[in-house]
Amino acid sequence: MNDKYDILVVGGGHAGVEAAHAASRLGLKTALITIDEKTIAQMSCNPAIGGLAKGQIVREVDALGGIMGLATDIAGIQFRMLNRSKGPAVWAPRAQADKQLYQDTILQILKQCDSLDIITDTVDELFVQDGIVRGVLCASGREISASAVILTTGTFLRGLMHVGADQIPGGRYGEPAANHLSGSLEKAGLHLERLKTGTPPRIDSDSIEYDQLKEQPGDDEPVPFSFMNDSITQEQVSCWITYTNETTHEILRSNLERAPLYSGQIKSTGPRYCPSIETKILRFADKTRHQVFLEPEGRDTNWVYCNGISTSVPKDVQEQMVHSIAGLAQAEILRYAYAIEYDYVPPLQIHATLESKKVKGLFLAGQINGTSGYEEAAGQGLIAGINAAGMIKGLEPVMLRRDQAYIGVMIDDLVTKGVDEPYRMFTSRAEHRLLLRSDNADQRLTPLGREWGLVSDDRWQRFRNKDHQTHQISEYLNNKTFEGKPLIQLLRQQGRNEDWLLNFDEELATRNFDKTALQQVVNDIRYAGYVEKQKRLVERFQQAEKIKLPPDLDYHRVPQLRCEAQEKLIAVAPANLGQASRISGITPADITVLMIHLKERKMIDRKQ
């Protein structure tokens, strides 16, 4: 093989671009292989970034030196902070993006990476020798060698799209499926299964009757995603809200036998949290309407995304359904909705580094691991890129803990619990979510990103400036009193935030502190009691994480360990006792039995 790289990234989606950017930033000669350069970072579904829990992931990617947040701040056309009525721990930034501008921005960033090449081709086969990945064979016949390969194939592995009875092979609309790579993965010893996802119709904005809709504007003071930006200056675009009705539901009910989800045509599992509209009307039969968000796909395009009516019913049924909705009686469908089935690798087959357990040097990130969403993919891509580079350099692997990041929660969930439906991040999945706020992602992760070599000098200096300000603000508030009471005590009362503080304390207002630094300190003060409790809980969890499990431990030889527990522990091969305790089906009694065995064999200190 004449073409040689350190790292090959296969697939140019949101996982692929973060993996390629990270690997190249760390000085590795990297190639990103994609079907078409023009579709790099394409938003195949909704052109939006962030949302509940997802927004926190984007902030974490940014804090570590990733690029999703930077591109969103440039391409965003509407910014909203969700959950404002609740506590700051679950505030979540979200932005509607200009689809084409987002792609163009990502591509421009990648082309500025000195050690990154973009190769237009399709990978048909992995070269694996003695359980180690050696490179790939492309559809063009090109052979490329590498020390590590990162697969970020999205929905392309044997992808099959459904619109009514029509079945069209493809990875997404207008692009061919990757039909050969799945066989190569199976040959290498990986087990593959199928999942399903879907997308709603897109309609022409000029055919919408806006007087029948409710306008949804962006925030008056939009908050940036990236910690590198102080503000959003571009004009915002409104989204619009409408609803399905009983007529809509009757159209779908009377055509269920033609819906691939109910005709038996689609056999794989779809996302329970984001069901198709035909599933919603059956699952929530008591509801007379369902909300539909009409979201522009860009500033200068007439394409509008109909968020809330994902479906795979035939085209004629889609026409009736859309036209039955208020404001859409004359709507022109520019692209019909479809469902797509694709292969994925059940993630119990990967380590927490995202490296395959079967093939050394093979990393997997994004939907190939059974996840859904651009943000979940980006988080995995970043970690895969770091670990692929670290493996080649002989560095210690990088793994974020559950108390450090939503990314850590996600990856731990994947490798200990597996998936039986497309995985989506929720705040409820994070037991330490009070520590994982969107506003403190830089505080949690930027020092790590700097240590790993991803954080630029500019980003590091900006972080240090903010960190210095937070210390100054904390010192001021700790020493300031009002009528004999510490100011921080007044701040803890309900409804009092940084805006209240600036109005209340004129001296503080004159110091012109950075508002994001002030907000972070105020949130830290308001949550202080809860945070201390969580930190004590984290310390107890970390004790279990410190008890390492030998990779060659024979669980069949552990006395009194249940057969089911033996099989689950063998399948996951947990790295430590903490990870073992989180495996689905493992009980506290199983952990006790395992502890006793380790102590008797002197594998751990008897005092632990």
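Each chain has its residues counted from 1, running along the sequence as written. Local features in a predicted model are, by the rule used here, given only for residues with pLDDT of at least 70; side-chain atom pairs are given and counted only at 80 or more, and totals for whole chains, interfaces and linings are based on all residues. Derived side-chain values reflect all non-hydrogen atoms in the structure, with water molecules and hydrogen atoms excluded from consideration.

Caption draft 1: Seen up close, the packing of helix α2 (residues 54-63) against helix α12 (residues 441-452). To get an axis, fit a line to the C-alpha atoms, keeping to the stretch in contact for a helix; angles then go from 0 to 180 degrees between the N-to-C directions. Numbering of helices and strands runs from the N terminus, with a helix taken as a DSSP run of H or I at least four residues long and a strand as a DSSP run of E at least two residues long. Between α2 and α12, whose axes approach to 8 Å, the crossing angle comes to 35 degrees. Both α2 and α12 take part in a crossing whose hand is right-handed. Contacts from Arg59, Glu60 and Ala63 of α2 reach α12 at Ala441, Asp442, Arg444, Leu445 and Thr446. By residue class, the composition of the contact of α2 with α12 is 3 nonpolar, 1 polar and 4 charged. The hand of a helix crossing depends on one turn: near helix anticlockwise from the far one by less than a right angle means left-handed, and clockwise means right-handed. In what follows, a contact means two residues having at least one pair of non-hydrogen atoms within 4.5 Å. Under the convention adopted here, Pro, Cys and the residues Ala, Val, Leu, Ile, Met, Phe, Trp and Tyr are nonpolar, Asp, Glu, Lys and Arg are charged, and Gly plus all remaining residues are polar.

Caption draft 2: Layout of the packing of aromatic side chains. Under the pairing criterion, centres of Phe, Tyr and Trp rings, with the six-membered ring standing for Trp, must be within 6.5 Å; the plane angle then separates stacked pairs below 30 degrees from edge-to-face pairs above 60, leaving the rest tilted. Within the structure shown, the criterion is met by 4 aromatic pairs. A centroid spacing of 4.8 Å and a plane angle of 75 degrees characterise the contact between Phe482 and Phe504, whose relative ring orientation is edge-to-face. Residue Phe482 is located in strand β21 (residues 481-482), and its partner Phe504 is located in helix α15 (residues 498-504); the two are separated by 22 residues in the primary sequence. The structure contains a cluster of three or more aromatic residues connected by ring pairs, namely Phe482, Trp500 and Phe504. The positively charged end of Arg59 is found above the aromatic ring belonging to Phe227, 5.4 Å away from the centroid. We count a charge as sitting over a ring when the NZ of a lysine or the CZ of an arginine lies within 6 Å of the ring centre and within 35 degrees of the ring normal. In this arrangement the basic side chain of Lys287 is found over the ring face of Phe284, its NZ or CZ atom lying 5.9 Å from the centre.

Caption draft 3: Geometry of the packing of helix α10 (residues 374-393) against helix α11 (residues 406-417). As a packed pair, α10 and α11 sit with axes 10 Å apart at the nearest point and diverge in direction by 85 degrees. Taken together, the axes of α10 and α11 are roughly perpendicular relative to one another. On the side of α10, the interface is formed by Glu376, Gly379, Gln380 and Ile383, while α11 contributes Ile407, Met410, Ile411 and Leu414. Among the residues forming the contact of α10 with α11, the class breakdown is 5 nonpolar, 2 polar and 1 charged. When describing relative orientation, an angle under 35 degrees is termed roughly parallel and one over 145 degrees roughly antiparallel, while 65 to 115 degrees is termed roughly perpendicular and anything else oblique.

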